[in-house]
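A look at the structure
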Amino acid sequence: MSSEFRNTVRANLAKPEVRANFYRAMDGLMTRRLDQFPDKVELERLRTQSMAIRANALSKLPELLETLEANLTRNGIQVHWAETAEQGNQIVQAILERHNAKSIIKGKSMVSEEMGMNHFLEALGIECLESDLGEFIIQLDGETPSHIIMPAIHKNRVQIAKLFHEKFPDIPYTEDVDELTQMARRILRDKFYAAPVGLSGVNFMVAETGTLCLVENEGNGRMSTTAPSVHIAVTGIEKVVESLSDVPPLLSILTRSATGQPITTYFNMISSPRKPGEKDGPEAVHLVLLDNGRSNIYSDPELLATLRCIRCGACINHCPVYVRIGGHSYGTVYPGPIGSILEPQKAGLDVHGELAQASTLCGACSEVCPVRIPIPSILNRLRYDGVRKDTANTNTVGSGKRRTLSEAATWKTWAWAATHPTIYHAGSTLATRFKGMLPTNLGAWTTVRSAPKLAESTLHQQAKHLGVDHE
Amino acid sequence: MPPTPDTIYFFGTCLVDLMYPQAGVSAMQLLQRAGVKVIFPPAQTCCGQPAWNSGYRDEARSVARAQIALFPKPIPIVIPSGSCAGMMKVHYPELFAGQPDEAQAVDVASRVYELTEFLVDVLHIELQDLGEPLTVAVHTSCSARREMGVADKIESLLGQLSNVQRVEHARKPECCGFGGTFAVKEPEISAAMVLDKVTHIRNTGVDRLISQECGCLMNIGGAMAKQGDAIPHQHIAEFLWERTGGNAA
């Protein structure tokens, strides 16, 4: 079916440097996260609390969004609703036109990636400059993020040094991380002051106060949201929380789960545009709230948990599949375990359903998820939706589209045999008796493994001599 | 402490039945030696997990239903596999939610134990190591670790064996890449995972690989065999039986 995923996976598995970069980065992140939670009881308490906060917010999502809009509007922040990515882009375009803006400077925003905003605006002749260091690097190289927290994590220091030297030949070559960072900082500094519009994402939106919270480490988020005279924030509708007291626990578990930091370097709370007498801040603040399939996910009680995600990336950092194939293999904006449940639901099982198969269901993702999203259960549900016949009973986009006659027939035959013990045992006995005649080439399995060896006789046969009761 | 049950049901699993019957035999013998009567319903086939994980819930349910009927008495069901135990304990209640026989499924789920869990937590088994000095690496299955939460039990059993030295390998908690149908549906990724696991285990220089999961053993052992010079691998039950003089008895 979707051989594009398979092809990318194969290509990336064959790049030892990329794999080494991921291994080094992920091992470091896993250790740092673990160091942040020395007390297991405290960690579990915080996970339960965070899950409850997010579940509570989702349980009254429509109501909280209304409160949020009312309070933001009262504070002077202009709220826009976008049902699709395209609508979101058009809203941004209209704001830019109103301010006659020909360029924007962006803090990091995965939702703008989701909207394909850079391409959209660049086609209109508008320059979009990424100011997050990782995003800056991948933009230089014409790539997309390979991780939701660390977009350029697939690259190592030397690769970045070479890239900078190629793009900025006037600046002396260096592999010193601090010097490279300073270089980017100098290039970006003037852009912050010159850009008419700054764009950012949002980590939490507080309904009761009408506040936008933004977590960041580099100060570029603060620059993007204060230096230009217009600030546009874009985010998904699910990022709302009920009250200000919900934020500290989420912030605390977010940074520790994501980068293993006890606390973030910058925490911005944006509650209004610049007020009279204030020295900085934009004159206008806009919030674009994107649905893009989220309402549909919201409508299913089992799949709703997907929307609890606070975008920490811990599931990605701990995923044994992600670490080997890298974020770009997924062919989606959100990679790794969260991407494998979110993207098939947004785009449809017919489009990205294969991602639900790209998991051993090992559970490393749900073990670390700060809001306890049952990722393996949702993967299982999506696999079911993909092949189920009663598609009228589910809202999942593309339900039933992955069902093939041959696979369905195989499972039907299997179920028939496994519910007829006489047939099943006759088959297994025959298999062990004539095991020498079984094929040793089992396709995919035997590429790197010897064919499984059947025993001389089955447990069922051997148990007869054990004196066990057969009632 | 609740009284030790004197009778249990044994669910052998299809992989043990076909590939590793010695694991099943040893498990039953360990239980019998500890004074537990073992009932092994002969009509058992498979727990239904392959279909469940592939999205074929109706087929999984019909197979699961046939198994549920085999365990009517209110006694424990002991399974020498974390993933089949996880299927019955965690997923049967999900699979049968809203079905007429939901109560039976929940009842069966409530009586399920993974073998090492049962040996340690219920039987409080005491082992005497009669074997020669040996080094082992332990691979704990993801289902035993995360779904059943019993990964420490195999460690505790091996810890009782005075002549057995456990050697840790790199990224020990990481999945071996089996994942049932995953190994077939995503063969390249699975291959990368199992080859890394094999390297980590080989790097320990141990004499033997031990696990509580035959699926993982088949995957890791198969990859080692393909490379030649495979480290011997065994299910924990077989290893324990051998170390405690089972074969001589």
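Residues numbered from 1 in each chain as written. Chains lettered and ligands numbered in written order. Predicted model: local features only at pLDDT ≥ 70, side-chain atom pairs only at ≥ 80, totals over all residues. Heavy atoms only, no water.

For the rest of this paragraph, the subject is the overall build of chain A. Each helix and strand in chain A was counted, giving 23 helices and 10 strands. Counting only C-alpha atoms, chain A reaches 90 × 55 × 45 Å along its principal axes. Relative to its full complement of 471 residues, chain A shows a buried share of 57%. Nonlocal contacts in chain A, meaning residues at least 24 apart in sequence, comprise 72% of its contacts between residues at least 6 apart. (Helix = DSSP H or I, 4+ residues; strand = E, 2+ residues; numbered from the N terminus. Buried < 20%, exposed > 50% of the residue type's maximum accessible area, 1.4 Å probe, protein only. Contact = heavy atoms within 4.5 Å.)

We now examine the environment of V285(A). All names here are of chain A. One can find V285 in strand 10 (residues 284–290). According to the relative accessible area criterion, V285 is buried, its value standing at 0%. Distance in space between the C-alpha atoms of V285 and E343 is 29 Å, their sequence separation being 58 residues. Apart from the residues lying within four places of it in its own chain, the contact partners of V285 are G76, I77, Q78, H231, I270, S272 and P273.

As a further point, take the confidence of the model for chain B. Of the residues in chain B, 98% have a pLDDT of 70 or more, and the chain-wide mean is 96. Predicted as a complex, the structure gets a pTM of 0.96 and an ipTM equal to 0.96. (pLDDT = per-residue confidence, 0-100.)

Turning our eyes to something else, we now look at the packing of helix 20 (residues 405–418) of chain A against helix 4 (residues 57–68) of chain B. Two elements in contact, helix 20 of chain A and helix 4 of chain B, have axes separated by 9 Å at closest approach and are oriented at 5°. As judged from the angle between their axes, helix 20 of chain A and helix 4 of chain B are roughly parallel. Residues W411(A), K412(A), W414(A), A415(A) and A418(A) of helix 20 of chain A lie in contact with helix 4 of chain B, whose contacting residues are E59(B), S62(B), V63(B) and Q67(B). The residue inventory of the contact of helix 20 of chain A with helix 4 of chain B, partitioned by class, reads 5 nonpolar, 2 polar and 2 charged. (Axes fitted to C-alpha atoms, helices over the stretch in contact; angles between N-to-C directions. Parallel < 35°, antiparallel > 145°, perpendicular 65-115°, else oblique. Nonpolar A, V, L, I, M, F, W, Y, C, P; charged D, E, K, R; others polar.)

The backbone of R372(A) sits at a positive phi, close to 50°, despite the residue not being glycine. In this structure, R372(A) sits in the loop between helix 18 (364–368) and helix 19 (375–387). Phi is positive for R171(B), which is not a glycine, with a value near 50°. Tracing the sequence through the fold places R171(B) in the loop between strand 6 (164–166) and helix 10 (182–185).

Attention now moves to helix 4 (residues 61–75) of chain A. Here helix 4 of chain A spans 21 Å end to end across 15 residues, near enough to the 21 Å set by a 1.5 Å rise per residue. G76(A) sits one or two residues past helix 4 of chain A and shows a positive phi near 95°. (Expected span 1.5 Å × (residues − 1).)

So, on to the interface of chain A and chain B. Interface size is often expressed as the accessible area that is lost when the parts come together. In this complex, chain A contributes 65 residues to the contact, which on the side of chain B involves 69 residues. When chain A packs against chain B, the two sides together hide about 5,900 Å² of surface, and 60% of this comes from carbon and sulfur. Across the contact surface, chain A and chain B share 9 salt bridges. With its nearest N and O atoms 2.8 Å apart, the salt bridge here joins R10(A) to E188(B). Run the count over chain A and chain B and you get 28 residue pairs in polar contact (both at pLDDT 80 or more). Along the lines of polarity and charge, the residues of the side of chain A that touches chain B split into 30 nonpolar, 19 polar and 16 charged. (Buried area = accessible area lost by both parts, 1.4 Å probe. Salt bridge = Lys/Arg side-chain N within 4 Å of Asp/Glu carboxyl O. Polar contact = N/O pair within 3.5 Å; in protein donor to acceptor, adjacent residues only side chain to side chain.)

Turning our eyes to something else, we now look at the packing of aromatic side chains. Describing an aromatic ring pair means giving the distance of the ring centres and the angle of the ring planes. A full pass over the atoms with the stated rule returns 14 aromatic pairs over all chains. Consider the rings of W411(A) and Y56(B), whose centres lie 6.1 Å apart with planes at 25°: the pair is stacked. Taken together, the residues W411(A) in helix 20 and Y56(B) in the loop between helix 3 (49–54) and helix 4 connect one chain to another. Each member of the pair W411(A) and Y56(B) is classed as buried. Here Y113(B) and F118(B) contribute two aromatic rings whose centre-to-centre distance is 5.4 Å and whose plane-to-plane angle is 70°, an arrangement assigned as edge-to-face. Among the residues examined, Y113(B) registers a relative accessible area of 24% and is labelled partly exposed. Members of the aromatic cluster, joined through ring pairs, are F5(A), F22(A), Y322(A) and Y330(A). The lysine or arginine in question, R449(A), covers the ring of W445(A), its NZ or CZ lying 4.2 Å from the ring centre. The lysine or arginine in question, K89(B), covers the ring of Y113(B), its NZ or CZ lying 5.9 Å from the ring centre. (Phe/Tyr/Trp six-rings, centres within 6.5 Å; stacked < 30°, edge-to-face > 60°. Lys NZ or Arg CZ within 6 Å of the ring centre and 35° of its normal.)

Here the structure, examined in full by the defined rule, presents 41 salt bridges over all chains. E44(A) is the salt-bridge partner of R372(A), the closest N and O atoms lying 2.9 Å from each other. Placement of R372(A) in the loop between helix 18 and helix 19 and of E44(A) in helix 3 (residues 40–59) is noted, with a sequence separation of 328 residues between them. E168(B) is paired through a salt bridge with K172(B); the nearest N and O atoms lie 3.3 Å apart. Connected via shared salt-bridge partners are E114(A), E238(A), R294(A), R311(A), E343(A) and K346(A).

Moving on to the packing of helix 3 of chain A against helix 12 (residues 247–258) of chain A. Residue and element names in this part refer to chain A. Put simply, helix 3 and helix 12 touch, their axes get as near as 9 Å, and they point 120° apart. Here helix 3 lies oblique to helix 12, going by the angle between them. Crossing hand, helix 3 versus helix 12: left-handed. Only P249, L250, S252, I253 and R256 of helix 12 make contact with helix 3, whose side of the interface consists of L46, R47, Q49, S50, I53 and R54. Across the contact of helix 3 with helix 12, the residue classes break down as 5 nonpolar, 3 polar and 3 charged. (Left-handed = near helix turned anticlockwise from the far one by under 90°.)

All names here are of chain A. Reading across the sheet, the 4 strands line up as 8-5-6-9 and stay open at both edges, with mixed pairing between neighbours. Looking at the sheet topology across the chains shown, the edges are occupied by strand 8 (240–241) and strand 9 (266–270). As paired strands, strand 5 (residues 204–206) and strand 8 are joined by 2 bridges and run parallel to one another. The residue of strand 8 that forms the bridge with M205 is V240. Packing against the sheet, helix 12 makes contact with strand 5, strand 6 (211–216), strand 8 and strand 9, and its axis sits at approximately 175° to strand 5. (Pairing = 2+ DSSP bridges.)

Turning our eyes to something else, we now look at the state of the cysteines. All names here are of chain A. This structure, assessed with the given rule, holds 0 disulfides over all chains. Of all cysteine sulfurs in the structure, the one in C362 sits closest to C365, which takes part in no disulfide; the separation is 6.3 Å. Residue C365 is classed as buried on the basis of its relative accessible area of 9%. (Disulfide = S-S within 2.5 Å.)

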